[in-house]
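Here's the letter readout for the chains.
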Amino acid sequence: MTTLGLCSGLFFHTAAVALGVAVFIQESEWAFTLLKIGGALYLGWMAWKILSSPPATFEKGGNVEGLGRLYLRGVVMNVMNPKVSLFFLAFLPQFTDPTAGNVTLQIAILGLLFMLSALVVFGAISLFAGSIGGRLRSGRSGEILHKLSAGIFAGLAIKLLLSEK
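Bear in mind that the values here come from a model prediction, so they are computed numbers and not experimental data.

Trainee: Just to check I follow, could you spell out the nonpolar core for this structure?
Mentor: Here is a general trend for soluble globular proteins: nonpolar side chains tend to be buried in one another's company. Within the largest apolar cluster, 11 residues are counted, these being Cys7, Leu10, Val17, Ala18, Val84, Phe88, Leu89, Leu92, Ile107, Met115 and Ala118. Counting only elements with at least two residues in this core, the list comes to helix 1 (2–19), helix 5 (82–91) and helix 6 (103–136). In terms of residues, this core owes the most to one element, helix 1, which gives 4 residues. Within the second largest apolar cluster, 10 residues are counted, among which are Ala40, Ala47, Phe153 and Ala157.

Trainee: Hey, could you run me through the packing of aromatic side chains in this one?
Mentor: Given two aromatic rings, their pairing is described by the distance between the two centres and the angle made by the two planes. In the structure shown here, the tally under the stated rule is 6 aromatic pairs. Here the aromatic rings of Phe91 and Phe114 are separated by 6.2 Å at their centres, their planes lie at 65°, and the arrangement is edge-to-face. Linking Phe91 in helix 5 with Phe114 in helix 6, this pair joins segments that are 23 residues apart in sequence. Classification of Phe114 as partly exposed rests on a relative accessible area of 27%. Here the aromatic residues Phe87, Phe88, Phe91, Phe95 and Phe114 are joined through ring pairs into a cluster of three or more.

Cut-off values and rules
Residues numbered from 1 in each chain as written. Predicted model: local features only at pLDDT ≥ 70, side-chain atom pairs only at ≥ 80, totals over all residues. Heavy atoms only, no water. Core = buried A, V, L, I, M, F, W, Y, C linked by side-chain atoms within 4.5 Å. Buried < 20%, exposed > 50% of the residue type's maximum accessible area, 1.4 Å probe, protein only. Helix = DSSP H or I, 4+ residues; strand = E, 2+ residues; numbered from the N terminus. Phe/Tyr/Trp six-rings, centres within 6.5 Å; stacked < 30°, edge-to-face > 60°.

And the structure:
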């Protein structure tokens, strides 16, 4: 569900590029900074949430969080990352041709193709991780992964705060 959320968040970035909002974020220092700080705060909150809770124990077929919350987490993580908007702004227009028709429609189609590709790749990674997850979550390795995931979120928050356009 997090994978679906991450891919759904790409709708936001595609629309931002197609409608010119991403140019505003790129050109406006305060808009970029605001989005960057919001994303870093969210990642920091995720790290704190992980660290302040005990390592979860997972049973086959059991969910720690509801599917809706996992989906929403993926959407928020993607939307709050200004680097994705800037990537889309730099990437998608390169493959448009004004002589071939409506550029906004071309960007939307390219964004959809990117989303489908991301869904396949992220989905495959998720399925692989799910298949080995039970073995990695037990005992000492579960505790290590718990702290490691919090550290990754904290590291990403710091990296995002220190990043420049």
